[in-house]
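Commentary on secondary and tertiary structure
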Number of protein chains: 4
Amino acid sequence: MFNSFGNILKLTTFGESHGVAIGGVIDGFPAGMKVDFDAVQQELDRRKPGQSKIVTQRKEPDTVEFLSGIFEGVTTGASIGFTIKNTNQKSKDYNHNTDVYRPSHADYTYDKKYGTRDYRGGGRTSARETANWVVAGALAKQLINHININAFTSSVGDVFMMKPYQDLDFSKTESNIVRCPDETSAEKMIDKIQEIRKAGDTIGGTITCVAQNVPIGLGEPIFHKLHAELGKAMLSINAVKGFEFGSGFCGAKMQGSEHNDIFNPDGTTQSNLSGGIQGGVSNGMDIYFRVAFKPVATIMQNQSTINSKGEASEIHGKGRHDPCVVPRAVPIVEALTALVFADFWLMDKTRRI
Amino acid sequence: MFNSFGNILKLTTFGESHGVAIGGVIDGFPAGMKVDFDAVQQELDRRKPGQSKIVTQRKEPDTVEFLSGIFEGVTTGASIGFTIKNTNQKSKDYNHNTDVYRPSHADYTYDKKYGTRDYRGGGRTSARETANWVVAGALAKQLINHININAFTSSVGDVFMMKPYQDLDFSKTESNIVRCPDETSAEKMIDKIQEIRKAGDTIGGTITCVAQNVPIGLGEPIFHKLHAELGKAMLSINAVKGFEFGSGFCGAKMQGSEHNDIFNPDGTTQSNLSGGIQGGVSNGMDIYFRVAFKPVATIMQNQSTINSKGEASEIHGKGRHDPCVVPRAVPIVEALTALVFADFWLMDKTRRI
Amino acid sequence: MFNSFGNILKLTTFGESHGVAIGGVIDGFPAGMKVDFDAVQQELDRRKPGQSKIVTQRKEPDTVEFLSGIFEGVTTGASIGFTIKNTNQKSKDYNHNTDVYRPSHADYTYDKKYGTRDYRGGGRTSARETANWVVAGALAKQLINHININAFTSSVGDVFMMKPYQDLDFSKTESNIVRCPDETSAEKMIDKIQEIRKAGDTIGGTITCVAQNVPIGLGEPIFHKLHAELGKAMLSINAVKGFEFGSGFCGAKMQGSEHNDIFNPDGTTQSNLSGGIQGGVSNGMDIYFRVAFKPVATIMQNQSTINSKGEASEIHGKGRHDPCVVPRAVPIVEALTALVFADFWLMDKTRRI
Amino acid sequence: MFNSFGNILKLTTFGESHGVAIGGVIDGFPAGMKVDFDAVQQELDRRKPGQSKIVTQRKEPDTVEFLSGIFEGVTTGASIGFTIKNTNQKSKDYNHNTDVYRPSHADYTYDKKYGTRDYRGGGRTSARETANWVVAGALAKQLINHININAFTSSVGDVFMMKPYQDLDFSKTESNIVRCPDETSAEKMIDKIQEIRKAGDTIGGTITCVAQNVPIGLGEPIFHKLHAELGKAMLSINAVKGFEFGSGFCGAKMQGSEHNDIFNPDGTTQSNLSGGIQGGVSNGMDIYFRVAFKPVATIMQNQSTINSKGEASEIHGKGRHDPCVVPRAVPIVEALTALVFADFWLMDKTRRI
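Residues numbered from 1 in each chain as written. Chains lettered and ligands numbered in written order. Predicted model: local features only at pLDDT ≥ 70, side-chain atom pairs only at ≥ 80, totals over all residues. Heavy atoms only, no water.

Secondary structure summary: chain A contains nine helices and 17 strands in total. Computed over the C-alpha atoms, the radius of gyration of chain A is 21 Å, within 12% of the 20 Å expected from 2.2 N^0.38 for a compact globule of 353 residues. Seen through its principal axes, chain A has C-alpha atoms that stretch 65 × 50 × 40 Å. Counting the 353 residues in chain A, one finds 72% classified as buried. Within chain A, contacts between residues at least 6 apart in sequence are counted, and of these 71% link residues at least 24 apart. By element, 48% of the accessible surface of chain A is carried by carbon and sulfur atoms, the whole surface being about 10400 Å². Each charge class in chain A was averaged separately, 39 positive and 39 negative side chains, and the resulting centres sit 5 Å apart. (Helix = DSSP H or I, 4+ residues; strand = E, 2+ residues; numbered from the N terminus. Rg over C-alpha atoms; globule rule 2.2 N^0.38 Å. Buried < 20%, exposed > 50% of the residue type's maximum accessible area, 1.4 Å probe, protein only. Contact = heavy atoms within 4.5 Å. Areas by Shrake-Rupley, 256 points an atom, 1.4 Å probe, with all protein chains shown as cover. Lys, Arg positive; Asp, Glu negative; His and termini not counted. Charge placed at Lys NZ, Arg CZ, Asp CG, Glu CD.)

Printed below as a string of structure tokens:
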């Protein structure tokens, strides 16, 4: 109930950043799919720390070990267990936080909720958990490889990439370290992050995700609308503060006569303010949405705070943290999107006789 | 799986706008609560059509009948079944739509997904379903009556209520028909809707919701974060295109040094950009979020469209529809918020020995 | 969680025997099935009270009203809501039990668990609930009409029908009021029940169920084995004390060399001690199982008992109760069996690419 | 959905007998419990192969490694991941079975269902999976350590231990290798198994389980009755063919006047044919049930069978298998029973205000 995501295709995860390993179980994965293990590792590499100068310099190889559910390279229909060992964890980086509540982290809420907490690097709340999602998402991508999912950085602080996604070449997303397919914007974003990093500060940003070639009919009314599940998935990512799809918050300013998507004879629509989803169900048009990430809470500056006794304390980020979480979150957004689509694709197989 | 919402406190619903009745089952409701039936009806009345000049003029009394789970006015722990009869349904208003796909409605996607559809007034996709949610939410409100939940209209089109919620008197929300507690803004919003209505058009808007006095510790990592469930709930409401909480999309432009909420000695925070939730768990501060609604798709203007054979057709809204969905959605937002809190409040009872 | 059964095809129910109505929601039912309403009513009639001299003489017409999910006689994929009104309920029959715990009923446990209870006729614990299951099962039967499900009374007290099921003509089950397809045994059973009834007593019995033409591959390891779900379903029926399938408890006395089912070249097996299920998955052979029902707790004799204060009291059954629950439970066993098969049939659609 | 057990306390497992490791995730475990790791290992040792002359001589140390959810020896409320490495697996023992369907195993059904299978030692269907359950059950036992759960071997083939459980000293269950607390019966059972083993054959048996000191009120109507979940749990164990509780199948022969459990003034009952459960809810009396195990399918004798092409083949058990599964299943029965009770104990915390 608490650590599971999905309905038929269900990911259940475990692990703390400084424990032995993180990992999970992928249940409901259909039998008969040949697994491309390199593709899985490639996704993990896109997420891993230390990959460029604008992300955390921690080194974690993030190698996944599949323990079950795949036999002779093919999924068997059995649950797929996997682990990712925690290596090179400098837990001493975190020892100074043992009894101190870091501002805008979950230290305080966990302590109050559970009466105890694993204070090493945020424990279960660490974004290291997202490596598990990337593993499952990488398999899901292979399962629904007819759907193209492309996420990219669309803003860093007040640097916005203004081009409509239709003008972008998604193959360029990986060509720069900030993962923005528009080179000019990418440079500005990288400069922004560098500047913020030097100030010992962090910055927020947004990711846009576009899913193309989605079959018509994915999504389940009433309480499993496709966009509602996508929204829930995105809001599960650490640091996410908002989600909008199609016209989003702009749509709230519009009139029906301009917002309605008029049909072409083949069922496609002339505009796509609906964002590819109508009544919670995909209509075959591009699905696109935008996700807002707040700035990382750990900054390399002095901050006053309190400890568990309510005594005044001071904190200064010492670990190796991301100045901006957005570049590394791009594969995470794609992974969860793939999981949602794969799950709904399986669900849809049961909805008509 | 498809028509259920919640984990321990679970609402399962059914019903089409032009069927015999809509209704649902509330499962997991604890025993021993004295039910205030008037309060339930009051919430239904806030949602019902025909209540003012700026909403649809359809007349539906929306009287709930509880069929089980309440004995001598007290919940018994058994599932609570209820129905709301469909009365005064002019289904002939919809007969002209039998084979025509209304733009930006779910007609097309349902037809493609299910191979069949109830074309009367949108069938299962009708927002009439939300009356079910209001019933369940009204009971949930009574269960967690220590939490204050106040939603209100914060924008209609480009008319924004700019005051911070802290400056508002929520008791005034019901004093005007657009449900904006700021009278000056309310008047402008009402004028806007009147103007749009006369043009046979519709308009979008936003609702802000504030939950106060939420106990510390509600919310379940990793995949049932409090804000992720709230987001999913809001995105389940018809016409919703976006959700943000705390700093939201603005937070994506900020730096960590300005975004972090510094603790007071008592565990409260000096600012509250986190929106009352850290690591998916409530921290005792106000929880606030904003929901974007697109304009209603049914407009009183001619629109070109297609029928199920892909033939060009024309459509002109004939039913009695809302020019702006936002005023009537205020109690719906509150109802789902109450359901989420009640569910997490129950879940939290199991999380410590 | 509490009042739902099934995974993809999920039945959620509500209702007390003396409330306004009982009913439920069938979620996940596929679109496109033409509903045979007469067949549904026929199943309800098999279960209803008052149908013969050996069952309770209460008269309840048990007419189901479908409220949603079926349009122009065809399922739409939307949730199917239904109610069965409670009529002709002589609640005064039960008034004497207001504060008395009936022996071997659930009065005591409900009171202790919930701190309150609906004392009218057992409230939620009444076997009237099973009418809901029969409705859902009747639809499930139509969905998987390629599978033949036949339950019958195989013993009443110490009167056992000894013929192997292969020698029976299932079309004769409905030809007698005890629902045993072997006429000779049926007569003895009826005599037994008559005799017991005259003594103001009740008696237990067993039902055997045979499912034929089950497709190979239904059932989900590890925790949704086909027989485990069937067992859970049967153990959910009021008064059931035991479940066995295939060789059952007899199998526990056997040796592997005699118990193993040797294959024929076509994959069928020479014997079928496995009961049509191997490793939790159907193998295409007949599935058969046996369900034990205890005698009804309400007897027309004086019994000493206690009230809620722990004071000694006396009780004497006054309502119109079944001397033997087994004949009316035959359609209930079939209904739940059909629900399980339909659910697994849908699940199986997702298990291979 | 497929590999998970439980509702609030949920175990999700993975692993094949000859893969890298088996393991699982325990979700919903409350925070704040000090873990007794030795007690966990002790339970695993009770289940492990090679512990005596009457069980399989395979040597598997079965050491569990906890990967998360426990910090400084105390549960944190986070999901508990664990693995048990597969060591000393002689997969060559199984190579001869690559394409042959073993009679009364799941080879055939898995192949037909999934179109592929892990043929090494039964893959996912191996009873090795039950080691995962024992780990989770051992933690559950510690969580509900006020409940005493004692399972024991009550029959092997036609050797029955006839004493009522009230006359047994459960502390003697572990004093003999067949796990029957009655020494005289134990000796006969051991002789029986030895004899069967020498014949290259296998034999079935039954396990009885008694739970004492169960709080009143555990169990959830309508579809999560305590005994129904226990039944489902037991029927999930490999080789189980039947389940009965309280009076069980004998109850089906009885009359209400002899079967009813008359109350004492304190709410206990004079007899306990109900088996400690009324209306699906525990009544504070002892809960007892009996589980039937068929003989192990792998025998050390020649058996004719078929391969995947339907060609006649012959098979002769070569691995090291149990002549009787019952002695090693005793801790498995206890483990699942503990999981069920712990889950319902948590659920019950949410059922009253």
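Looking now at the pattern of salt bridges. Inspection of the entire model under this criterion finds 88 salt bridges over all chains. Asp 182 of chain C is the partner of Lys 163 of chain C in a salt bridge, and the nearest nitrogen-oxygen pair spans 2.6 Å. Of the two residues, Lys 163 of chain C sits in the loop between strand E10 (159-160) and helix H4 (183-198) while Asp 182 of chain C sits in the loop between E10 and H4, which places them 19 residues apart along the sequence. Looking at Lys 163 of chain C, the relative accessible area reads 42%, which means it is partly exposed. We note a salt bridge from Asp 62 of chain D to Arg 47 of chain D, for which the minimum N-O separation is 3.2 Å. With Asp 62 of chain D in the loop between helix H1 (37-47) and strand E4 (64-66) and Arg 47 of chain D in helix H1, the pair connects residues that are 15 residues apart, well separated along the chain. (Salt bridge = Lys/Arg side-chain N within 4 Å of Asp/Glu carboxyl O.)

On to the interface of chain B and chain A, then. Frequently, the measure chosen for interface size is the accessible area that the parts lose on association. Contacts between the two partners involve 106 residues from chain B and, on the opposite side, 106 residues from chain A. Taken over both partners, the interface formed by chain B and chain A buries close to 8300 Å², and the fraction arising from carbon and sulfur atoms is 61%. For chain B, the biggest contributors to the area lost against chain A are Lys 113, Phe 223 and Lys 241 of chain B; these three give 11% of the whole. Counting every contact that joins chain B to chain A gives six salt bridges. Salt-bridge contacts for Lys 113 of chain B lead to Asp 348 of chain A; the nearest nitrogen and oxygen are separated by 2.6 Å. Residues belonging to the side of chain B that touches chain A are distributed by class as follows: 42 nonpolar, 44 polar and 20 charged. Pairing of strand E12 (residues 240-245) of chain A with strand E12 (residues 240-245) of chain B, which is carried by three bridges, proceeds in the antiparallel orientation. Each bridged residue has a counterpart across the sheet, and for Glu 244 of chain A the counterpart in E12 of chain B is Gly 242 of chain B. (Buried area = accessible area lost by both parts, 1.4 Å probe. Nonpolar A, V, L, I, M, F, W, Y, C, P; charged D, E, K, R; others polar. Pairing = 2+ DSSP bridges.)

Tallied over the full model, the rule gives 17 cavities of 30 Å³ or more. Put simply, the largest cavity is a space of about 1100 Å³. Residue lining of the largest cavity: 37 residues in total, with Lys 10 of chain A, Asn 7 and Lys 10 of chain B, Lys 10 of chain C together with Lys 10 of chain D positioned closest to the centre. The set of elements that each furnish at least two residues to the lining of the largest cavity consists of strand E1 (4-5) and helix H6 (226-235) of chain A, strand E1 (4-5) and helix H6 (226-235) of chain B, strand E1 (4-5) and helix H5 (226-235) of chain C together with strand E1 (4-5) and helix H6 (226-235) of chain D. Here the lining of the largest cavity is composed, by residue class, of nine nonpolar, 16 polar and twelve charged. (1 Å grid on protein atoms, 1.4 Å probe; cavity = no way out; pocket = protein on both sides within 12 Å on 5 of 7 lines; lining within 4 Å. Points joined across faces, edges and corners; volume = space filled by probe spheres on them.)

Taken residue by residue, the interface counts 41 residues in chain D and 41 residues in chain A. Together chain D and chain A conceal approximately 3100 Å² of surface at their shared face, both sides included; 62% is due to carbon and sulfur atoms. It is Phe 14, Leu 67 and Phe 71 of chain D in chain D that bury the most area against chain A; as a group they hold 20% of the surface buried on that side. Remark: the boundary between chain D and chain A carries zero salt bridges. Looking at the side of chain D that touches chain A, the elements that each hand over two or more residues are strand E2 (10-14), strand E3 (21-27), E4 and strand E7 (80-85) of chain D. Sorting elements by how many residues they give to the side of chain D that touches chain A places E2 of chain D first, with four residues. Residue composition of the side of chain D that touches chain A, by class: 14 nonpolar, 18 polar and nine charged.

Ordered by their spatial adjacency, three strands build an open sheet running E8-E16-E17 (chain A), and the pairing between neighbours is antiparallel. Strands at the two margins of the open sheet, each flanked by one partner only, are strand E8 (100-101) and strand E17 (312-316) of chain A.

A few words on the relation of the copies chain B and chain A. For the pair chain B and chain A, the best superposition has an RMSD of 0.0 Å and corresponds to a rotation of 180 degrees with a translation of 0.0 Å parallel to the axis. Between the two chains, the operation in question is that of a two-fold axis. Both copies present the same face, since 100% of the interface residues in chain B are matched by interface residues at the equivalent positions in chain A. (Least-squares fit on C-alpha atoms with pLDDT ≥ 70 in both.)

Right, let's get into helix H5 (residues 183-198) of chain B. Residues and elements named next belong to chain B. Compared with the 22 Å implied by 1.5 Å per residue over 16 residues, the 23 Å span of H5 between its first and last C-alpha is a close match. Buried residues of H5: Ser 185, Ala 186, Met 189, Ile 190, Lys 192, Ile 193, Gln 194 and Ile 196, and no others. Buried residues along H5 sit against strand E9 (148-156), strand E10 (159-160) and helix H9 (326-348). Of the residues flanking the end of H5, it is Gly 200, one or two places downstream, whose phi is positive at about 70 degrees. (Expected span 1.5 Å × (residues − 1).)

Residues and elements named next belong to chain B. Buried residues dominate strand E11 (residues 205-212), accounting for seven of its eight residues. As paired elements, E9 and E11 share eight bridges and run antiparallel to each other. Within the sheet, the bridge partner assigned to Val 156 lies in E11 and is Gly 205. Bridge count for E11 against strand E15 (residues 287-293) is seven bridges, and the pairing is antiparallel. The partner of Ile 207 across the bridge, within E15, is Val 291.

Evaluated as defined, the whole model comprises 54 aromatic pairs over all chains. Seen from their ring centres, Tyr 165 of chain D and Tyr 288 of chain D are 5.5 Å apart, and the 40 degrees between their planes marks the pair as tilted. Taken together, the residues span a long stretch of sequence, with Tyr 165 of chain D in the loop between strand E10 (159-160) and helix H5 (183-198) and Tyr 288 of chain D in strand E15 (residues 287-293) at a distance of 123 residues. Of the two residues examined, Tyr 165 of chain D and Tyr 288 of chain D, each falls in the buried class. Joined through ring pairs, the aromatic side chains of Phe 5 and Trp 133 of chain A together with Phe 223 of chain B make up one cluster. Looking at Arg 351 of chain A, its charged tip hangs above the ring of Phe 2 of chain B, at a distance of 4.3 Å from the centre. Taking NZ or CZ as reference, Lys 349 of chain B lies 4.2 Å from the ring centre of Trp 345 of chain B, over its face. (Phe/Tyr/Trp six-rings, centres within 6.5 Å; stacked < 30°, edge-to-face > 60°. Lys NZ or Arg CZ within 6 Å of the ring centre and 35° of its normal.)

Strands in a sheet are paired, the pairing made by backbone hydrogen bonds, and the direction either parallel or antiparallel. All names here are of chain A. Judged by pairing direction, the sheet is antiparallel, and its five strands sit side by side in the order E1-E2-E3-E7-E4 without closing on themselves. Strands with a single pairing partner mark the edges of an open sheet, and in this sheet they are E1 and strand E4 (64-66). Where strand E3 (residues 21-27) and strand E7 (residues 80-85) come together, six bridges link them in antiparallel fashion. Each bridged residue has a counterpart across the sheet, and for Ala 21 the counterpart in E7 is Lys 85.

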